[in-house]
Amino acid sequence: MLHPDLDILCVLPKLWQGYFVDAFRERLAPARFLTPEDVADPARITYAFVLAPPPGYLAGFPNLKAIMPVGAGVEHVLADPDLPDVPIVRMVQPDMAQRMSEYIVQHALNHMRRFRQIREAQARAEWNLFAAPTAPDTTVGILGLGTLGQHAGACLAALGFKVRGWSRTPKQVPGMESFAGREGLQAFLSECDILVSLLPLTPETQDLIDRDLLCALRPGASLINASRGGVVKDDDLIACLDDGIIGEATLDAFDIEPLPADHPYWSHPRVTVTPHCASAATAEAVSDRIRQVIETVERGEAPTPVVDRKTGY
Ligand code: NAP
Ligand code: GLV
């Protein structure tokens, strides 16, 4: 049970506040969960659970022991130049990896089995057959071999896909070929039929998926971006889709969210837009993680894993 004297700050968009805060109050009482409007004494706050706090806001809480971002991506938190010097504890929980892998497998299978073409034919009431390869004939390349990339890779490999991954530092992951660093990127890309992005958004990965990168894939390859919109150079992707260099794209995350109604992705015939739903954290799973982190810190131990402020993830 968490201590009744704990005051935990929740800085969330209004839309999410009720969902998370109600669950926390129910599951983690007697600790207190405060929204910014509820805070009377900032000195009493020792933990902060946040999505994108306004720059400088957390600096007003002198006794913070840890910051817990809502999701796996932390670019909104690190954007604050005055962030207090306390651990930023990563939101890792099995539920998130399971959901993400389901999303990646679903869309990889849709791409491989020509599901978009089948739906288009249905709209024309056409009984067409579309030749499709099987998983062992299909190479899926995963950009980002972290918690989510490795889990998705294992699920794809279990279905028979040839899986390869790319990371910043070299890795050995059973069941997949691994490539690392800029020097390994071209070789990694050259055999991909389906490219998946599970990279964090950092200065290094911003706009990484540009025309040059897309042209290095197998002709007509497809893209699944379930990470952040900023990793993809949108104009380049649209041009590559129009030129047939890329066969289709499934996109879950965008530079501006919600995706503006007039954005060309909405109406592009070879783009599937999903509303950043690949792997939403559930309040139950997040509550369990919050409890675990706070108990660790209160025992005087270091919570893990934490964000490395130098690499940005
Ligand atoms: P993670 O465990 O931190 O893994 C990140 C991976 O990316 C690591 O393998 C890392 O390499 C690699 N990487 C980082 N910078 C790189 C670079 N410059 N070059 C090559 N590789 C690089 O992150 P995660 O938990 O798997 O999550 C990944 C991202 O998914 C999150 O940051 C978030 O943006 C996104 N996400 C999206 C949703 C959604 O619903 N759409 C849900 C959850 C997460 P090393 O292994 O060498 O460090
Ligand atoms: C969701 O996008 C997350 O970063 O967890």
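Here the structure is shown first, and the text comes after it.
These numbers come from a predicted model, not from an experiment. Residue numbering note: each chain is counted from 1, following its sequence as written. Working convention: letters from A go to chains and numbers from 1 go to ligands, in the order in which they are written. This being a predicted model, a pLDDT of at least 70 is required before a residue's local features are given, and a value of 80 or more before pairs of side-chain atoms are given or counted; all residues contribute to the totals for chains, interfaces and linings. Calculated side-chain values reflect all of the structure's heavy atoms, with hydrogen atoms and water omitted.

### With respect to the site of ligand 1
What surrounds ligand 1 is a group of 28 residues, the closest being R90, L148, T169, K171 and Y313. Nitrogen and oxygen atoms within 3.5 Å of one another constitute a polar contact, given that in protein one can donate a hydrogen and the other can accept it, and given that sequence-neighbouring residues count only through two side-chain atoms. One of the backbone N or O atoms of R168 is found 2.9 Å from a nitrogen atom in ligand 1. Shrake-Rupley sampling with a 1.4 Å probe provides the accessible areas, and residues are treated as covered by the protein chains on show and by no other component. Protein contact buries 93% of the 940 Å² of open area that ligand 1 shows by itself. Residues of the shell around ligand 1, tallied by class, amount to 12 nonpolar, 10 polar and 6 charged. Where each domain starts and ends comes from a domain assignment, either automatic or drawn from a database. Shared between two domains, the shell around ligand 1 holds at least three residues of each, these being domain 1 (7–93 + 281–298) and domain 2 (96–273). Here a residue counts as near a molecule or strand whenever at least one of its heavy atoms sits within 4 Å of it. Side-chain classes are defined by residue name, with Ala, Val, Leu, Ile, Met, Phe, Trp, Tyr, Cys and Pro counting as nonpolar, Asp, Glu, Lys and Arg as charged, and the others, Gly among them, as polar.

### Observations concerning the sheet that holds strand β5 (residues 139–143)
In this description, strands pair whenever DSSP reports at least two bridges between them. By the criteria applied, helices consist of DSSP H or I runs no shorter than four residues and strands consist of E runs no shorter than two, each listed in order from the N terminus. Strand order in the open sheet formed by 7 strands is β7-β6-β5-β8-β9-β10-β11, with parallel pairing between adjacent strands. In this open sheet, the two strands that pair with only one neighbour each are β7 (177–180) and β11 (271–273). Across this sheet, the average inter-strand angle for adjacent strands is 15°, counted without regard to direction. Two strands pair when backbone bridges link them, and strand β9 (residues 221–225) and strand β10 (residues 246–251) are joined in this way by 5 bridges, in the parallel orientation. Pairing of L223 across the sheet is with A249, part of β10. Contacts are residue-level and defined by heavy atoms, with any inter-residue pair within 4.5 Å sufficient. In this analysis an axis means a line fitted to C-alpha atoms, helices contributing only their contacting stretch, and an angle means the value between N-to-C directions, from 0 to 180 degrees. Lying on the sheet, helix α3 (residues 94–112) is in contact with β8 (194–197), β9, β10 and β11; it crosses β9 at an angle near 160°.

### Some thoughts on the site of ligand 2
The environment of ligand 2 is formed by G71, A72, G73, M96, R228 and H276. H276 places a polar side-chain atom, nitrogen or oxygen, 2.6 Å from an oxygen atom of ligand 2. Burial of ligand 2 by the protein chains amounts to 79% of its free accessible area of 190 Å². Along the lines of polarity and charge, the residues of the shell around ligand 2 split into 2 nonpolar, 3 polar and 1 charged.

### Quick look at helix α8 (residues 234–243)
Of the positions making up α8, those classed as buried are D234, D236, L237, I238, C240 and L241. Close packing links the buried residues of α8 with α7 (211–215), β9, β10, α9 (264–267) and β11. One or two positions beyond α8, positive phi appears at G244, with a value near 80°. When a residue's accessible area, from a 1.4 Å probe over protein chains only, is under 20% of the maximum for its type it is buried; when over 50% it is exposed; and in between it is partly exposed.

### Some words on the packing of α3 against helix α5 (residues 147–158)
α5 packs onto α3 with a crossing angle of 50° between their chain directions and a minimal axis gap of 9 Å. By the angle between their directions, the pair α3 and α5 is classed as oblique. Between α3 and α5 the crossing geometry is right-handed. Contacts between α3 and α5 involve M96, A97, Q98, M100, S101, I104, V105 and A108 on the former and, on the latter, L148, H151, A152, C155 and L156. Looking at the contact of α3 with α5, its residues break down into 10 nonpolar, 3 polar and no charged. Angular relationships are summarised with four words: roughly parallel below 35 degrees, roughly antiparallel beyond 145, roughly perpendicular across 65 to 115, and oblique for the angles in between. The sense of a crossing depends on the near helix, which, turned anticlockwise from the far helix by less than a right angle, makes the crossing left-handed and, turned clockwise, makes it right-handed.

### Regarding the sheet that holds strand β1 (residues 7–11)
Spatial strand order, β2-β1-β3-β4: 4 strands in an open sheet with parallel pairing. The open sheet has two free edges, formed respectively by β2 (32–34) and β4 (66–69), since each of these has just one partner strand. Each neighbouring strand pair of the sheet contributes to a mean axis angle of 25°, computed without reference to strand direction. Across 3 bridges, β1 lies against β2 in parallel orientation. Each bridged residue has a counterpart across the sheet, and for L9 the counterpart in β2 is L34. Along the sheet, helix α10 (residues 283–298) makes contact with β1, β3 (45–50) and β4, crossing β3 at roughly 150°.

### Remarks on the pairing of β4
Here β4 shows two buried faces, one formed by A66 and M68 and the other by I67 and P69. Note that β3 and β4 share 4 bridges and pair parallel. For F49, the partnering residue across the bridge sits in β4 and is M68.

### Examining unusual backbone geometry
Each neighbour pair has its own omega, and for A29 with P30 the value is 10°, a cis peptide bond. With respect to the secondary-structure elements, P30 resides in the loop between α1 (14–28) and β2. The omega torsion of the bond from E257 to P258 falls at -5°, within 30 degrees of zero and hence cis. Here P258 is to be found in the loop between β10 and α9. In this structure, R114 takes a positive phi of about 60° despite not being glycine. Phi at D207 is positive, roughly 60°, even though this residue is not glycine. Tracing the sequence through the fold places D207 in the loop between β8 and α7.

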